[in-house]
Protein chains: 2
Amino acid sequence: MSAGAAPSVGIVGLGLIGGSLARAVVAAGGRVVATTRSTETGAAARAAGIDVVDGPAAVAASGVDVVVAATALAHLPTTVTELGAAVGADGPTVTDVGSVKGPIAALAAAVPTLVPGHPMAGTEHSGWDAGTADMFTGRTWAVAVEPPVDLERWAAVARVALVAGSQVVPVDSLEHDEVVALVSHLPYVLAALAAGSVDAETHPALARSLAAGSFASLTRVASGHPTLGAEMAVGNAAALTPVLRALAGRLVGLADALDEGRAAAVTAAFAAGRRAGDKRPPAPARSRTTLDRGGLLALGRAGGRVVAVHAATARAVDVEVLA
Amino acid sequence: MSAGAAPSVGIVGLGLIGGSLARAVVAAGGRVVATTRSTETGAAARAAGIDVVDGPAAVAASGVDVVVAATALAHLPTTVTELGAAVGADGPTVTDVGSVKGPIAALAAAVPTLVPGHPMAGTEHSGWDAGTADMFTGRTWAVAVEPPVDLERWAAVARVALVAGSQVVPVDSLEHDEVVALVSHLPYVLAALAAGSVDAETHPALARSLAAGSFASLTRVASGHPTLGAEMAVGNAAALTPVLRALAGRLVGLADALDEGRAAAVTAAFAAGRRAGDKRPPAPARSRTTLDRGGLLALGRAGGRVVAVHAATARAVDVEVLA
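Below you will find a few notes about this structure. As the structure is a computational prediction, the values presented were derived from the model and not from experiment.

Re the overall build of chain A
Point 1. Along its length, chain A carries 13 helices and eleven strands.
Point 2. The globule rule puts the C-alpha radius of gyration for 323 residues at 20 Å, and the 21 Å found for chain A is close to it.
Point 3. C-alpha extents for chain A along the principal axes are approximately 65 × 45 × 35 Å.
Point 4. Within chain A, buried positions represent 55% of all 323 residues.
Point 5. Put simply, 67% of the contacts in chain A that link residues at least 6 apart link residues at least 24 apart.
Point 6. Just so you have it, chain A exposes about 12,000 Å², and 55% of that area is on carbon and sulfur atoms.

Re the packing of helix H11 (residues 237-259) of chain A against helix H7 (residues 173-197) of chain B
Point 1. For the pair H11 of chain A and H7 of chain B, interaxial distance at closest approach is 11 Å and the crossing angle is 125°. If you check the angle between H11 of chain A and H7 of chain B, you find them oblique. The chirality of how H11 of chain A crosses H7 of chain B is right-handed. Facing Leu247, Arg250, Leu251 and Leu254 of chain A of H11 of chain A, the residues of H7 of chain B in contact are Val189, Leu190, Leu193 and Ser197 of chain B.

A word on the sheet that holds strand S1 (residues 9-12) of chain B
Strands in a sheet are paired, the pairing made by backbone hydrogen bonds, and the direction either parallel or antiparallel.
Residues and elements named next belong to chain B.
Point 1. On the basis of which strands lie adjacent, the open sheet formed by five strands has the order S3-S2-S1-S4-S5 and parallel pairing. Pairing within the sheet leaves two strands with one partner each, and these edge strands are strand S3 (51-52) and strand S5 (93-96).
Point 2. Across the sheet, helix H6 (residues 151-163) touches S1, strand S4 (66-69) and S5, and the angle it forms with S5 is around 50°.

Quick notes on the relation of the copies chain A and chain B
Point 1. Turning chain A through 180° and shifting it by 0.0 Å along the axis lays it on chain B, with an RMSD of 0.1 Å. Taken together, these values place the two copies in the relation of a two-fold axis. Nearest to the rotation axis, the C-alpha of Ala248 of chain A is located 2.1 Å from it, this being the minimum over chain A.
Point 2. Comparing contact sets, 100% of the residues at the interface of chain A also lie at the interface in chain B, consistent with an isologous, same-surface contact.

Concerning helix H2 (residues 39-47) of chain A
Residues and elements named next belong to chain A.
Point 1. Listed in full, the buried residues belonging to H2 are Thr41, Gly42 and Ala45. All buried residues of H2 project into a common sector of 100° when viewed along the axis, lining one side. Among the exposed residues of H2, those oriented more than 90 degrees off its buried face are Thr39, Glu40, Arg46 and Ala47.
Point 2. The inward-facing, buried residues of H2 contact strand S3 (51-52).

Structural notes on empty space enclosed by the protein
Empty space left among the atoms is revealed by rolling a probe the size of a water molecule over them.
Point 1. The full count for this structure, using the stated rule, is two cavities of 30 Å³ or more.
Point 2. In this structure, the largest cavity is lined by 13 residues; those nearest its centre are Tyr188, Val221, Ala222, His225 and Gly229 of chain B.
Point 3. For the lining of the largest cavity, the per-class residue count stands at seven nonpolar, four polar and two charged.
Point 4. The space that makes up the second largest cavity amounts to roughly 30 Å³.
Point 5. Around the second largest cavity, the lining residues are Ser214, Ser217 and Leu218 of chain A together with Pro187, Ala191, Ser217, Leu218, Thr219, Arg220 and Val221 of chain B.
Point 6. Broken down by secondary-structure element, the contributors of at least two residues to the lining of the second largest cavity are helix H9 (213-219) of chain A together with H7 and helix H9 (213-219) of chain B.
Point 7. Residues that form the lining of the second largest cavity fall into these classes: five nonpolar, four polar and one charged.

Notes on the sheet that holds strand S2 (residues 32-35) of chain A
Residue and element names in this part refer to chain A.
Point 1. As summarised here, the arrangement of the five strands in space is S3-S2-S1-S4-S5, forming an open sheet in which the pairing is parallel. The sheet terminates laterally at S3 and strand S5 (93-96), the two strands that pair on one side only.
Point 2. Summarising the sheet, strand S1 (residues 9-12) and S2 pair through four bridges and their orientation is parallel. Bridged to Val9 within S2 is Val32.
Point 3. Sitting on the sheet, helix H1 (residues 16-27) touches S1, S2 and strand S4 (66-69), and the angle it makes with S1 is about 160°.

A few points about the packing of aromatic side chains
Where two aromatic rings form a pair, the distance of their centres and the angle of their planes describe that pair.
Residue and element names in this part refer to chain A.
Point 1. Taken as a whole, this structure holds two aromatic pairs over all chains when the rule is applied.
Point 2. Ring centres 5.2 Å apart and planes at 45° place the aromatic pair Phe136 and Trp141 in the tilted group.
Point 3. Judged by its relative accessible area of 0%, Phe136 is buried.
Point 4. For Trp141, a relative accessible area of 2% corresponds to the buried category.

What about helix H7 (residues 173-197) of chain A?
Residue and element names in this part refer to chain A.
Point 1. A rise of 1.5 Å per residue sets the reference length of H7, with its 25 residues, at 36 Å; its end C-alpha atoms lie 34 Å apart and thus fit the reference within 8%.
Point 2. Along H7, the helix axis deviates most sharply at Val180, where the bend reaches about 50°.
Point 3. Taken across its 25 residues, H7 has 22 buried, putting it largely inside the fold.
Point 4. The opening residue of H7 is Asp172, an N-cap whose side-chain oxygen sits 3.0 Å from the backbone nitrogen of Leu174.

Some thoughts on unusual backbone geometry
Point 1. With omega at 5°, the peptide bond leading from Pro147 of chain A into Pro148 of chain A counts as cis.
Point 2. Among the secondary structure elements, Pro148 of chain A is positioned in the loop between strand S7 (140-144) and helix H6 (151-163).

Description of the nonpolar core
Point 1. Counting 126 residues, the largest nonpolar core has Leu210 and Leu251 of chain A together with Leu210 and Leu251 of chain B as the members making the most contacts within it.
Point 2. Dropping the residues within four chain positions of it, Leu210 of chain B is found in contact with Met120, Thr140, Ala142, Val169, Val171, His176, Val179, Val180 and Val183 of chain A.

Examining the environment of Arg23 of chain A
Residues and elements named next belong to chain A.
Point 1. Relative to the assigned elements, Arg23 resides in helix H1.
Point 2. Residues Arg23 and Asp134, spaced 111 residues apart in sequence, show a C-alpha to C-alpha distance of 8.4 Å.
Point 3. If sequence neighbours within four positions are ignored, Arg23 has contacts with Trp128, Asp129, Gly131, Thr132 and Ala133.

Details of the pattern of salt bridges
Point 1. Tallied over the full model, the rule gives 18 salt bridges over all chains.
Point 2. Across the pair Arg262 of chain A and Glu260 of chain A runs a salt bridge whose closest N-O atoms are separated by 2.8 Å.
Point 3. Since its relative accessible area comes to 52%, Glu260 of chain A is described here as exposed.
Point 4. Three or more residues are tied together by salt bridges with common partners; here these are Arg245 of chain A together with Asp256 and Asp259 of chain B.

What about the layout of surface pockets?
Point 1. Estimated volume of the second largest pocket: approximately 1,100 Å³.
Point 2. Contributing to the lining of the second largest pocket are 47 residues, with Ile17, Ala70, Thr71, Ala72 and Leu73 of chain B lying nearest its centre.
Point 3. Secondary-structure elements contributing two or more residues to the lining of the second largest pocket are H9 of chain A together with helix H1 (16-27), helix H4 (76-87), strand S6 (117-119), H7 and helix H10 (228-235) of chain B.
Point 4. Classifying every residue of the lining of the second largest pocket by side-chain character gives 20 nonpolar, 21 polar and six charged.

Side note on the environment of Val94 of chain B
Residues and elements named next belong to chain B.
Point 1. Considering the arrangement of structural elements, one finds Val94 in strand S5.
Point 2. Under the relative-accessibility criterion, Val94 is labelled buried at 0%.
Point 3. Sequence separation between Val94 and Gly117 is 23 residues; the distance between their C-alpha atoms is 9.6 Å.
Point 4. Beyond its immediate sequence surroundings of up to four residues, Val94 is in contact with Val67, Val80, Leu83, Gly84, Val87, Val111, Thr113, Leu114 and Val115.

Rules and cut-offs
Residues numbered from 1 in each chain as written. Chains lettered and ligands numbered in written order. Predicted model: local features only at pLDDT ≥ 70, side-chain atom pairs only at ≥ 80, totals over all residues. Heavy atoms only, no water. Helix = DSSP H or I, 4+ residues; strand = E, 2+ residues; numbered from the N terminus. Rg over C-alpha atoms; globule rule 2.2 N^0.38 Å. Buried < 20%, exposed > 50% of the residue type's maximum accessible area, 1.4 Å probe, protein only. Contact = heavy atoms within 4.5 Å. Areas by Shrake-Rupley, 256 points an atom, 1.4 Å probe, with all protein chains shown as cover. Axes fitted to C-alpha atoms, helices over the stretch in contact; angles between N-to-C directions. Parallel < 35°, antiparallel > 145°, perpendicular 65-115°, else oblique. Left-handed = near helix turned anticlockwise from the far one by under 90°. Pairing = 2+ DSSP bridges. Least-squares fit on C-alpha atoms with pLDDT ≥ 70 in both. Arc of directions from axis to C-beta. 1 Å grid on protein atoms, 1.4 Å probe; cavity = no way out; pocket = protein on both sides within 12 Å on 5 of 7 lines; lining within 4 Å. Points joined across faces, edges and corners; volume = space filled by probe spheres on them. Nonpolar A, V, L, I, M, F, W, Y, C, P; charged D, E, K, R; others polar. Phe/Tyr/Trp six-rings, centres within 6.5 Å; stacked < 30°, edge-to-face > 60°. Expected span 1.5 Å × (residues − 1). Bend = angle between axes of the 7 residues up to and from the residue. Polar contact = N/O pair within 3.5 Å; in protein donor to acceptor, adjacent residues only side chain to side chain. Core = buried A, V, L, I, M, F, W, Y, C linked by side-chain atoms within 4.5 Å. Salt bridge = Lys/Arg side-chain N within 4 Å of Asp/Glu carboxyl O.

What follows is the structure in structure tokens.
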């Protein structure tokens, strides 16, 4: 594949994320071969210019550059394993879109072409109909770089993310899981617990009457996909439980400070949140550079992103970065 | 004042809420007399058709129907007391817009024309420039009905809320404070604590890179007004601390369930949030009715709202309701 052409992409699963990616690649002029277990979704996808085939093995054998596992989170390890068996050691690169990377990264020995990924996008809705071609525009997309990554395959996955409009963040899978426990999975937990607390009020209907924008923002993701929150929590339990316990401790600490009239401690807690919320990185500079695995990892840890891939070997990539 | 005419409104403080209310009343054809300690805001308000006078006493003496205390939360008791002294027992009705009603309701003996209120509206921004005439459109506005309320004065405050585009929820001040601890103040606490947690991560820049829509929703209100969150927490501490401790207990319970692999308990926690988040009251019926204090309180507890006021005496109001 030349650096400028849109990649050809296989997709297993055409829900919110898979369906949006399919639309985005088609919109960019790329070829998409996909499979779905829904007859209705298959018909809609064909009408949208997608080559719909029968099952993951047919996707893997279709000659695409990259095959993307985009089934439900709990089924992703099975899908990735199945794709790995179908593509072998020399076939298309296999990636996924799951929000927990540890269990996928653990499949690297069994799936030699695997490069785990995670687009930081989505809505509280689900299914093909909820997808859009611009779902990933301006978002970040994590792509794993830990051993035994082949950077030529890493670059192939990065090109899929880039053609969908995202910026690519190189990550270590376990560091990714620690970070998303806070910035992605905790919001789902808090949305669910806060929304569920309304019915425990003495006057729940009054509570709903007086709930305004701040409560709507807090609970927005609680009403969406029926099992996604629980799947993410269970899937990322090792990283999530310390985050939950730490927040519980902070909540009790704040309650103690309020009970004891320590206003300065209360003010400090809110001021820390405000400073962090206001923190924006300086306007990043765009530059072209050659990076190995360690360089990519350092870039991601520092908040940098890959915005174009010019060339790649197994050991290094020639990329443009924002850093 | 006739039932159909827009009320004349005095406003002390032209920040986000006072400034938005001033614009809304002017847009509805009402007269606004206001005071602000900012020369710039005063000039901007005059240009917007507001009669700007010098100090709360001048507002109180201007012949308006209702005077609204709209200063910062921590200063509201002082402003309400000052307005009470200026209007006496027979002057304009005094109300406020604070998110904690207990400390205002406690001033009822000293301010005989007082009817506490709280518009359930606002944004993460502050100040006159952030205000809009439609800030209250389609929102609810809590107006207190506990003794010694004079329902003719209650109706005067309700008319201000209605002319601003809100629906009026009759509340007991202490029940209001319990409910908003969950639906309004808790979201500020969680936004601040979650935003503040990012800097405690091993790789905070990576965390910011991977933070997407769910984290942005959770932390939206953390970056706004510099002291509002802490003021609300301190002001409503008695109602807020049980909410914080209860949520801390639920977080620890969820962490325990995750650590122990009790997936059913995890699923149940998310399902409860989803059911509550999906719960919408049945389409309410609009009807005209005469209600006393107890009837108004029951209406509010049941999730009902007042949407028009036809007439009022000290003991009863003739209103249209959604219930």
